[in-house]
Amino acid sequence: MKQLVYEINIAAPKEKVWDIMLAPETFKEWTAVSWPGSFYQGKWEQGEKMRFVSDNGSGTLVIIHELTPYKYMGAEHIAILNPGGGEDTTSDLARDWVGSTECYTFRESAGTTDLRIDIGTAPQWEQMFGDGWPNALLKLKEMCER
């Protein structure tokens, strides 16, 4: 696995950053700059499965292993979703994704939040994340600082 880290400082309390990052409508807005049409289905709760999907139903399925509101969320990709939403854990593409991780850490100091995204992924996805996360985080920052 390739370990990737993306960080940004946002002039807003961690509760506001968390809420804007993870609320359904605002999630669609900040992710649209890098992954147009992205949305999720599920609940941000420990032990829950979440579907991160595009307009055609393709995407990934994750399980949330750890969640401390306004501080930390850790998830592992357990399947890919084919167009229409069918789960796949055995194809070559699925084997590249299954076991990938995403962790979000929120640290606040003096009313500003340091947001850190840690990704564990197969090397072939490094460019996609490298192209996407910095722009998505800038959009999230803009939304939180309005």
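Data block above holds the structure.
Below: a short report on this structure. (Residues numbered from 1 in each chain as written. Predicted model: local features only at pLDDT ≥ 70, side-chain atom pairs only at ≥ 80, totals over all residues. Heavy atoms only, no water.)

**Notes on the packing of aromatic side chains**
Aromatic ring pairs are reported here in terms of the distance separating the ring centres and the angle at which the planes meet.
Argument step 1. In this structure the tally under the stated criterion is 13 aromatic pairs.
Argument step 2. Between tryptophan 30 and tryptophan 133 the ring centres are 5.7 Å apart and the planes differ by 35°, which places this aromatic pair in the tilted class. Residue tryptophan 30 is located in helix α2 (residues 24-31), and its partner tryptophan 133 is located in helix α4 (residues 126-144); the two are separated by 103 residues in the primary sequence. The same class applies to tryptophan 30 and to tryptophan 133, which are both buried.
Argument step 3. A centroid spacing of 6.3 Å and a plane angle of 50° characterise the contact between tyrosine 40 and phenylalanine 52, whose relative ring orientation is tilted. With tyrosine 40 in strand β2 (residues 39-41) and phenylalanine 52 in strand β3 (residues 49-53), this pair connects stretches of sequence that are 12 residues apart. Both residues of the pair, tyrosine 40 and phenylalanine 52, belong to the buried class.
Argument step 4. One aromatic cluster is present, formed by Phe27, Trp30, Trp35, Tyr40, Trp44, Phe52, Tyr104 and Trp133 through successive ring pairs. (Phe/Tyr/Trp six-rings, centres within 6.5 Å; stacked < 30°, edge-to-face > 60°. Helix = DSSP H or I, 4+ residues; strand = E, 2+ residues; numbered from the N terminus. Buried < 20%, exposed > 50% of the residue type's maximum accessible area, 1.4 Å probe, protein only.)

**Let's talk about the pattern of salt bridges**
Argument step 1. Considering all chains together, one arrives at 11 salt bridges under this definition.
Argument step 2. Taking the shortest distance from any N to any O, the salt bridge between glutamate 142 and arginine 146 comes out at 3.3 Å.
Argument step 3. Shared partners join several salt bridges into a network, and the residues in it are Glu29, Lys139, Glu142 and Arg146. (Salt bridge = Lys/Arg side-chain N within 4 Å of Asp/Glu carboxyl O.)

**Looking at empty space enclosed by the protein**
Argument step 1. Per the counting criterion, the structure on display carries one cavity of 30 Å³ or more.
Argument step 2. Residue lining of the largest cavity: Trp44, Phe52, Val62, Met73, Ala75, His77, Glu102 and Tyr104, and that is the complete set.
Argument step 3. For the lining of the largest cavity, the secondary structure elements donating two or more residues are β5 (72-81) and β7 (101-109).
Argument step 4. Residue contributions to the lining of the largest cavity peak at three residues, all from β5.
Argument step 5. Residues that form the lining of the largest cavity fall into these classes: six nonpolar, one polar and one charged. (1 Å grid on protein atoms, 1.4 Å probe; cavity = no way out; pocket = protein on both sides within 12 Å on 5 of 7 lines; lining within 4 Å. Points joined across faces, edges and corners; volume = space filled by probe spheres on them. Nonpolar A, V, L, I, M, F, W, Y, C, P; charged D, E, K, R; others polar.)

**Digging into the nonpolar core**
Argument step 1. Counting residues in hydrophobic clusters, the biggest one holds 38 residues, and the most contacted among them are Met21, Trp44, Leu115, Ile117, Trp133 and Leu140.
Argument step 2. A per-element tally of this core places α4 first, with seven residues.
Argument step 3. Dropping the residues within four chain positions of it, leucine 140 is found in contact with Ile10, Ile20, Met21, Trp30 and Leu115. (Core = buried A, V, L, I, M, F, W, Y, C linked by side-chain atoms within 4.5 Å. Contact = heavy atoms within 4.5 Å.)

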